[in-house]
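The primary structure of each chain is shown beneath.
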Amino acid sequence: MFSSCTDPANLDMLPWLSCYLTTGKHLAFYASFGTVLLLLAVTAPLALLFGFAGASVARSRITPLAWLGKGYIAIVRGVPDIAFFLFFVIALDQAVEWLRHKVKCPDWDQPIRQGNDFVVCQIAKMPLNSAPQWVHEVYGFSLAMVTFAIVFGAFAANVLYGAMQAVPRAQIETAEAYGMSRSQSFWRIVVPQMWLYALPGLSNLWMVLIKATPLLFLLGVEDIVYWARELGGAKTTRFTEYPHDDWRMWYFLGLLLFYLAFTKLSEIVLTRITRRLSHGQATLGGEALRKDAQGGATA
């Protein structure tokens, strides 16, 4: 049985594959799919929070605040994503270490910036060299998660800003005529209705976010792309008990099928959400639902 597990030339490939696909590295590969799903589950609401804050600030009557919100939207949307991903990870990491350095090493008398080097005291490093491996992994994943939220939050802010502007002005004026303050009309009139206008843009943004998850690989996180490249590359008996040719095509084909299935599932869920939100609304979607209901009643 041992030879069938380690000899790919064995005529019966099933035992060999069963052993090969259950190695420790393959188990890590399967777990990395959970890493991607966790990133999406945490980043999506966080990016939506950044987006809502950015859109609300952009609508402010206070000019500096409005500039701040619109500047956040314009700058992040106007720079290539990869540049911001690499920038924010480094910037956030150095910001954390700088704050820890100020607290833990107040007597430090050397400059932190020494040429191209960023130097802080040893106990201010984040994470510490003596920390377990899982701490390093969680820290790297957290930086990547915040970076994704900041970048995609700007796109969400642009979508939500447009959705807020799309809410009929007459409804807001009517609310103010009934004595509502600007804040009350915003929360009771604009916010409940803007989601219907924002959903198409947010749906597209969700799809883009799904397709952007392979950037985790570039940020140093061992995601599905990392493991597909690592496991799919050609292996020899010198480095592994499971030698094989270059199988990267098959591994990346598996990733392609995973992303296609996940985006299809997302489309189904988003379509149902859109139908639910469109019910009773004076929109094209709401009108289509009313016609379908009338047609069914007539039949």
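(A) Summary view of the overall build of the chain. When its secondary structure is counted, the chain shows twelve helices and two strands. For the chain, the N- to C-terminal ordering of α and β elements is α-α-α-α-α-β-β-α-α-α-α-α-α-α. The contacts of the chain with a sequence gap of at least 6 include a subset with a gap of at least 24, amounting to 66%.

(B) Local environment of the packing of helix H6 (residues 133-166) against helix H8 (residues 182-212). Where H6 contacts H8, the two axes come as close as 7 Å, and the packing angle between them is 140°. Here H6 lies oblique to H8, going by the angle between them. You can see that H6 and H8 cross each other, and the crossing is right-handed. Listed contacts from H8 to Phe148, Phe152, Phe155, Ala156, Val159, Leu160, Ala163, Met164 and Ala166 of H6 are Phe186, Val190, Met194, Trp195, Tyr197, Ala198, Gly201, Leu202, Leu205, Val208, Leu209 and Ala212. Class assignment for the residues of the contact of H6 with H8 results in 20 nonpolar, one polar and no charged.

(C) Here's a closer look at the environment of Tyr197. When you line up the elements, Tyr197 lands in helix H8. Overall, Tyr197 belongs to the partly exposed group, its relative accessible area being 33%. Considering only alpha carbons, one finds Tyr197 and Ala166, 31 residues apart in sequence, at a separation of 7.0 Å. Setting aside its immediate chain neighbours within four residues, Tyr197 contacts Ala163, Ala166, Val167 and Pro168.

(D) Seen up close, helix H3 (residues 24-58). A rise of 1.5 Å per residue sets the reference length of H3, with its 35 residues, at 51 Å; its end C-alpha atoms lie 49 Å apart and thus fit the reference within 8%. The sharpest bend along H3 reaches about 25° and sits at Thr43, with the proline Pro45 one to four residues further on.

(E) Quick look at the confidence of the model for the chain. With 88% of its residues at a pLDDT of 70 or more, the chain has an overall mean of 84. Per-element confidence in the chain ranges from a low mean pLDDT of 51 for helix H12 (residues 284-298) to a high of 93 for H3. Low confidence marks residues 284-289, where pLDDT is under 50. Its contacts with residues over four positions away, or in another chain, come to seven contacts.

(F) Representation of a nonpolar patch on the surface in the model. A contiguous nonpolar surface patch, about 650 Å² in accessible area, is contributed by Met249, Trp250, Leu253, Leu256, Leu257 and Leu260. Checked against the element boundaries, Trp250 lands in helix H11 (residues 248-278). For Trp250, a relative accessible area of 54% corresponds to the exposed category.

(G) Highlighting unusual backbone geometry. Here Met126 and Pro127 are connected by a cis peptide whose omega angle stands at -5°. For Pro127, the location among the structural elements is in the loop between strand E2 (117-118) and H6.

(H) Main features of the state of the cysteines. As enumerated under the stated definition, the model contains one disulfide in all. A sulfur-sulfur distance of 1.8 Å marks the disulfide that ties Cys105 to Cys121. Across the disulfide from Cys105 to Cys121, rotation about the S-S bond amounts to roughly 85°, and the bridge is consequently right-handed. With Cys105 in the loop between helix H5 (81-104) and strand E1 (113-114) and Cys121 in the loop between E2 and H6, this residue pair connects regions lying 16 residues apart in the sequence. On the basis of relative accessible area, Cys105 is assigned to the buried category, the value being 12%. With a relative accessible area of 6%, Cys121 lands in the buried category.

(I) Up close: the packing of H3 against helix H4 (residues 63-78). One can describe the packing of H3 onto H4 by two numbers: an axis separation of 7 Å at closest approach and a directional angle of 135°. With respect to H4, the element H3 is oriented oblique. By crossing handedness, the relation of H3 to H4 is classed as left-handed. Of the residues in H4, those in contact with Phe50, Gly54, Val57 and Ala58 of H3 are Leu65, Ala66, Gly69, Lys70, Tyr72 and Ile73. Residue classes in the contact of H3 with H4 are distributed as seven nonpolar, two polar and one charged.

(J) How the structure looks around the environment of Lys25. Relative to the helices and strands, Lys25 is located in helix H3. Exposure remark for Lys25: the relative accessible area of 45% places this residue in the partly exposed category. Counting along the chain gives 206 residues from Lys25 to Leu231, while the straight-line C-alpha distance between them is 7.8 Å.

(K) Representation of the side chain of Thr147 within the structure. With respect to the secondary-structure elements, Thr147 resides in helix H6. Within the structure, Thr147 has its side chain in polar contact with the backbone oxygen of Leu143 (distance 2.8 Å).

(L) Representation of H8. Helix length check: H8 (31 residues) gives 38 Å between terminal C-alpha atoms against 45 Å at 1.5 Å per residue, more than 12% under. If you look at H8, its biggest bend is around 50°, right at Ala198, and the proline Pro200 turns up within four residues after that.

Parameters at a glance
- Residues numbered from 1 in each chain as written.
- Predicted model: local features only at pLDDT ≥ 70, side-chain atom pairs only at ≥ 80, totals over all residues.
- Heavy atoms only, no water.
- Helix = DSSP H or I, 4+ residues; strand = E, 2+ residues; numbered from the N terminus.
- Contact = heavy atoms within 4.5 Å.
- Axes fitted to C-alpha atoms, helices over the stretch in contact; angles between N-to-C directions.
- Parallel < 35°, antiparallel > 145°, perpendicular 65-115°, else oblique.
- Left-handed = near helix turned anticlockwise from the far one by under 90°.
- Nonpolar A, V, L, I, M, F, W, Y, C, P; charged D, E, K, R; others polar.
- Buried < 20%, exposed > 50% of the residue type's maximum accessible area, 1.4 Å probe, protein only.
- Expected span 1.5 Å × (residues − 1).
- Bend = angle between axes of the 7 residues up to and from the residue.
- pLDDT = per-residue confidence, 0-100.
- Patch = residues over 30% accessible without salt bridge, like charges linked within 9 Å, V, L, I, M, F, W, Y side chains within 5 Å.
- Areas by Shrake-Rupley, 256 points an atom, 1.4 Å probe, with all protein chains shown as cover.
- Salt bridge = Lys/Arg side-chain N within 4 Å of Asp/Glu carboxyl O.
- Disulfide = S-S within 2.5 Å.
- Polar contact = N/O pair within 3.5 Å; in protein donor to acceptor, adjacent residues only side chain to side chain.

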